[in-house]
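Residues per chain, in single letters:
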Amino acid sequence: MTNHMEKRKNSSSNSLYRLLGNNMESEILFHSLSHIVPDSVTAADVESALAQLTDELRHALSDEISWCLVQHDLSLATTEGKTKKRIEWELNQGEPLLLSSTIKAILFSLPKGKCLVLKASRMYFSRFAMQSVYAKLLRKPVVSLELTKRKPSELYLDNLKQAPVAEVWHDDSESVDVEPQIRTKSFTLPLQDHREVLLVFGRVLSTFSSTNTISVPVLFDQPLVQDAGISLLPTSLSSESAISINLDELSRFLNQPIELDKELIKDVVDSWGTDSNFPIGLVLNNFIMDSDQNWMASSCLSSAGQLLFPLTVDCQPVSDSQMQLTLSYDATLFSSAQADLLENTMINVAADLLSGCKGNVQDLLMVSQSDTKGVIATGEQGLHARMLHNGRIEEKVSQLARLQPQAAAVKMKDEVITYSELEVQSDKLAHYLIEQRIKPGCHVGLCLSRSSAMITAALAVMKVGAVYVPIDPMYPNDRISFICQDADLGLLVTDSSEGIERVDINTLHLDSWVEAAHSYTGQYKIEQALKADAPAYMIYTSGSTGKPKGTLIPHQNVQYLIGAVEQEFELSNQDVWSMFHSFSFDFSIWEMWGALLTGAQVCVISYDDSRDTKAFIDVINKEEITILSQTPSAFNQLTLVDESTPVGASLRLVVFGGESLNTGSLLPWFDRHPESQCRLVNMFGITETTVHVTAKEITRLEAINRSRSVGKAINGWNIYILDDEQNILPNGIVGEIYVSGKGVATGYYNREKLNEERFIANPFGDGKLYRSGDKGRLLPNGELEHLGRFDSQVKIRGFRIELGEIKHQLLACEYVQQAAVVVRNANEGDDASAQIVCYVLMDGEAYSDIWTSLNQVLPEFMLPSTVYRVSEVPLTANGKLNEKRLPEFVISESSRTEQIKENINIEVCADNDQSTDFQDKLLVVWQEIFNKEVTTQDNFFDLGGNSLYAIQMATKMREFGMPEVNLRDLYKYQTISNIAKLVAA
Amino acid sequence: MRLEGKVALITGAARGLGRACAMKFAKEGADLILLDVARNIENVPYDLGSQSQLDYTADRCRELGAVVKSYKADIRDLAALAEVVSDALAKFGRIDVLLNNAGIAAPSGKILHEITEQEWLLMQDIDLNGAWRMMKVVGQFMTEQRAGSIINVASTAGQVGYRNFSGYVAAKHGIIGLTKSACLDYAPLKVRVNALCPGSVRDSEVVEGKMLSEIARSLDVEISEHESVFTQSQPMNELVEPEDIANAALWLASDESVRVTGSVITVDAGFVSR
């Protein structure tokens, strides 16, 4: 028999039917249906369908199968002192021994080969869609309003299977002796059975009404069946609307008087007394009709003394003016803190309602005025703000140059610059800037590759009171041009060897600057006093409307940032910081100025070393780096390589930032680097609030618990979780994260409207409140749980990307009519394998033009891995992208385990003689990766290429000893012959 | 609080059964001396407990109210162990319970004559000699104290044989013999010595157990199926939980088992009874 049945392992615990194996000689088919879902009729139909099924099985298997229905109420088992978890576990083990002894006896007496059907009647196992169950099992919904002709004891049994109620008595006084805490009453309703009339489907519970109207909760808007004026409406456990059934009308319809015996009802209510729960007054239940004409009604339920549901609120009138609410909860599922929270919230809402609130539901205050302060306080650390230095960044660095002139400040490979050298050099550069009439407040673009010079340049810019705007030289020209224009740069400094193409901007080559500044000595002169609240830098981030935007951050914010963590992280001038991240990402602000403001060293990591993890670890060890800042994705790589090339003992602090951290993945790192030697701190941050907002120490405990907490706000920063109306939400409720305090930026440059939307007046204190667009909630201990975004901004391996920007650029292509951009993980569940996938609706054949055009405007990390052509971009009813209906993202088997690298960049090797040889080899490579015939004129993208293919190509080229080709060049040149020409050049 | 006022020394305490017992003892009022090698050992083909895991165990025990001192030491180094015990005694003043739990499961998985001498000696040195060394150092003190309970974690492999596991089986059988002999040595001195034999214990995430999957690997059992393979071999069709072993150890450690000595307590879901 076992072969024909599903393996237990494969069925989820939510399924209606499960086969529980055990080592007894029968299988147990476990059929799980909440008592509240089927009524007697439908339940009977389910059972008969099941009987039929087992019958067919028996014939198929020619085994002796009999079918036995056992009623089982798990509540009996729970009273034996077992927890719900234990029961579930036992059932999952196929262990029926927890059942009452009667049932045990039945089970053990089953001869071999019998199939037993167990029916459980607790809600614990009832999470499934009603519709599909009935749709599958029943062909025709059955109807009958009420009643049965069963004997009292049978009625009792029926009631028993609905709920743990007992103590029945009837007029014919055949009382059944049961446990005292359960009570029902029965009374008669004269009715005639009409099978065709279905008013309700399933069980209907209605509270007592003193009128002739019964309120029936409705799940669906439309009836399932509409036939000759009769509607079939299923019931539900919770509903948003209800229909009223007027008994008068019903009786007219049925041609039969229906009356509630009001006297009897009153008796029932009275007899329960005021210490009972608010009664469910009436149960409409479908029973199997009998031919006899004596009808009896099934009736009322009471939940006294039993916890029927994991969370229950009972309401009962205590007096004419008082209602008592009792909250009962399963302590294994809800903590007392959560229960308190719920209780308080209910009280607040009730108070609000009772005070005559006439507005919308959304306006109801969940947090009372007095509680608000407490809630706010959990997120506020603003009182503890501390500046590292009360002044501008360059002032502190100058001060350090006087205190420790010979100390190393900046290192890169073999180059070492001391604090005094840094000071002298930046002074010279500042001189020159003044000569060039760079005034305070001026924006100076620094489009420089990684070097110590970029730090010196930044200092020089700040010294003259200007604002430095770091621009990654690897950005495409269009983007650089845009930033130059948008930022109103007074000067653009570049170290590029290419011709400088921009005309409208005053451009200066770094080498020229250095040379010209060489002869300056002595102090330069600034005309006005420079302030610490003036902007220090402006960093551009992806913009959802298609273009990036610049955020201005004042000097003092950075002072507060380092001041906030200086003591906690024990920062000292003995530290060696790595600067791993691009100058144009604000993580580098933390890396550079964290070091230089504390008199420590910053070690600039070369681009190559940042892409080669082993080389990077070698640098960490050689330079004895003590403080490492990493995105979790990069750290994963580090952890892998650390196995063979261990990170040395100098590393004492790792700061995570840029994307969410999967704490569970840190266990192997902890095993090799105990927390007592190397601290790990996770920091959540936003560019607009100066790099970091919160900090959380991560230990093995957090890793084992897979904690998602990002910690409390750092000193000087405040977090608030607000709803759409900007009301405070209670701790534990998800809302939008707002940040105030010392880190809030001056604003976006040249984006008035956006500033109005995002940097709003702070109702909780001074300054501005920044609206982050991030989802999160505050835990009672003040720690923040970050839960993603409300919009389409994403983080991919630490890079902040507005999908809207990519979409805009797609739409900007001539032939693209519609576009959609989503993020998909190549390896399920692995965020590090996230890729940008685009879908376009286009006319014409110029598919590869899209790539060319994207390549021109988007930085590498925003280039999509694939662009699919589709015949329609599916939308929801609201006109939004219907992601679910996009064609599936297909990954070829061979690339399934590859991660996208940010680029594949090694020096292009120029070797003329090898150009034909190169072409031939490349042809072979392409033929292998595309698995088809290829010519040298074929376009990479038209062949179906994307970044995954690019990685495969690079791998194979390396294997063949071929010179490597930059991803951007591949995207630009696109055919083998063009690439070969490039390589030859 | 069944171990109120008692000081317990547990070896192999970083994870697995060691952690489970440590936390159980802490909950029952004991103060703890935790010992682990806290690094990988050459020629042992799998990762052993780490410093981070040892610190984690110590922290959880402190949260449960215990005073805890943890030590990093190799069970093969008598001098180091003597130092640890001496230091611990100086701090705690007494040791009432010794739980010899440190042990390795591999290198294993070979037919007898293919085992190298080095592998054989390593297994004996850690799994058998380790327990003897601890008993030597602590037993000396306990007998002077005229009180104490020594619990040696053996295995069902100390009662029956397992194919391709001769080193491990021999060592574990040795533990039981050692236990009985020590029982006779120490009985007049009021120190009890008992052996505890776990069957197949589930690798629990909470205590970061690794034994079962390592045994599976050695026996060439498919890792993804190893739990069901071992489950089926135990008559109750269940794996033993670390909690079960901790409960047995607790009883042996407490005064409730005051006249239990030289016993072999088996917690194996019925395995050796087949």
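Residues numbered from 1 in each chain as written. Chains lettered and ligands numbered in written order. Predicted model: local features only at pLDDT ≥ 70, side-chain atom pairs only at ≥ 80, totals over all residues.

This part covers the interface of chain A and chain B. At the junction of the two partners, chain A supplies eight residues and chain B supplies eight residues. Only α21 (667–672) and α22 (700–704) of chain A provide two or more residues apiece to the side of chain A that touches chain B. Tallied by class, the residues present in the side of chain A that touches chain B amount to three nonpolar, two polar and three charged. (Contact = placed C-beta atoms within 7 Å. Helix = DSSP H or I, 4+ residues; strand = E, 2+ residues; numbered from the N terminus. Nonpolar A, V, L, I, M, F, W, Y, C, P; charged D, E, K, R; others polar.)

Our next topic: the pairing of strand β2 (residues 31–36) of chain B. The two faces of the sheet receive side chains in turn, since in a regular strand these alternate between them. All names here are of chain B. Extensive coverage of β2 is indicated by the burial of six of its six residues. Bridge count between strand β1 (residues 7–11) and β2: five bridges; the pairing is parallel. Following the sheet pairing, L9 is matched in β2 by I33. You can see the chain leave β1, run along helix α1 (residues 16–27) and come back into β2, and the turn it takes is right-handed. (Buried ≥ 20, exposed ≤ 12 C-beta atoms within 10 Å, placed from the backbone. Pairing = 2+ DSSP bridges. Right-handed = clockwise from strand over helix to strand, strands pointing away.)

The next subject is the packing of helix α12 (residues 419–435) of chain A against helix α15 (residues 510–517) of chain A. Residue and element names in this part refer to chain A. Interhelical geometry of α12 versus α15 gives an angle of 100° and a closest axis separation of 8 Å. Taken together, the axes of α12 and α15 lie roughly perpendicular to each other. Mapping the contact onto sequence places K428, L429, H431 and Y432 in α12 and W513, A516 and A517 in α15. Taken together, the residues of the contact of α12 with α15 break down into five nonpolar, one polar and one charged. (Axes fitted to C-alpha atoms, helices over the stretch in contact; angles between N-to-C directions. Parallel < 35°, antiparallel > 145°, perpendicular 65-115°, else oblique.)

For the rest of this paragraph, the subject is the nonpolar core. Ranked by internal contacts, the top residues of the largest apolar core, which has 132 residues, are V444(A), L446(A), A457(A), V461(A), Y468(A) and V493(A). Here this core takes nine residues from helix α13 (residues 452–463) of chain A, the largest share from any one element. Sequence-distant contacts of A457(A), defined by excluding residues within four places in its chain, comprise L429(A), L446(A), L448(A) and V493(A). Core analysis: the next-biggest nonpolar cluster, separate from the first, contains 86 residues, L54(B), I75(B), A102(B) and V193(B) among them. (Core = buried A, V, L, I, M, F, W, Y, C linked by C-beta atoms within 7 Å.)

It is worth spelling out the sheet that holds strand β36 (residues 816–825) of chain A at this point. All names here are of chain A. Taking strand neighbours across the sheet as the criterion, the three strands line up as β36-β37-β38 in an open arrangement whose pairing is mixed. Edge positions in the open sheet fall to β36 and β38 (866–869), since each of these has one partner strand only. Sheet twist, expressed as the average angle between the axes of neighbouring strands with direction ignored, equals 25°. As defined by bridge partners, strand β37 (residues 834–842) adjoins β38 across four bridges and the pair is classed as parallel. Bridge pairing links V840 to R869 in β38. Sitting on the sheet, helix α24 (residues 803–811) is in contact with β36 and β37, with an inclination near 145° to β36.

Below, the discussion takes up the packing of helix α11 (residues 393–403) of chain A against α12(A). All names here are of chain A. In contact at an axis separation of 8 Å, α11 and α12 are set at 130° when each is read in the N-to-C sense. By the angle class used here, α11 and α12 are oblique. Seen from above, α11 lies across α12 with left-handed handedness. Of α12, the residues touching α11 (which contributes S398, L400 and A401) are Y419, S420, L422 and E423. Considered class by class, the residues forming the contact of α11 with α12 number four nonpolar, two polar and one charged. (Left-handed = near helix turned anticlockwise from the far one by under 90°.)

Per-residue confidence for chain A averages 70 on the pLDDT scale, and 60% of its residues sit at or above 70. Low pLDDT (under 50) marks residues 272–308 of chain A, which in the prediction has 116 contacts with non-local residues, meaning those over four places away or in another chain. (pLDDT = per-residue confidence, 0-100.)

A few words on the sheet that holds β1(B). Residues and elements named next belong to chain B. Across the sheet, seven strands lie side by side as β3-β2-β1-β4-β5-β6-β7; this open sheet has parallel pairing. Of all the strands in the sheet, just β3 (68–72) and β7 (264–267) have a single pairing partner and so form its edges. Each strand axis lies, on average, 15° off the axis of its neighbour in the sheet, ignoring direction. The sheet strands contacting helix α2 (residues 51–63) are β2 and β3, and the helix crosses β3 at an angle near 170°. Sitting on the sheet, helix α3 (residues 78–92) is in contact with β1, β2 and β3, with an inclination near 165° to β2.

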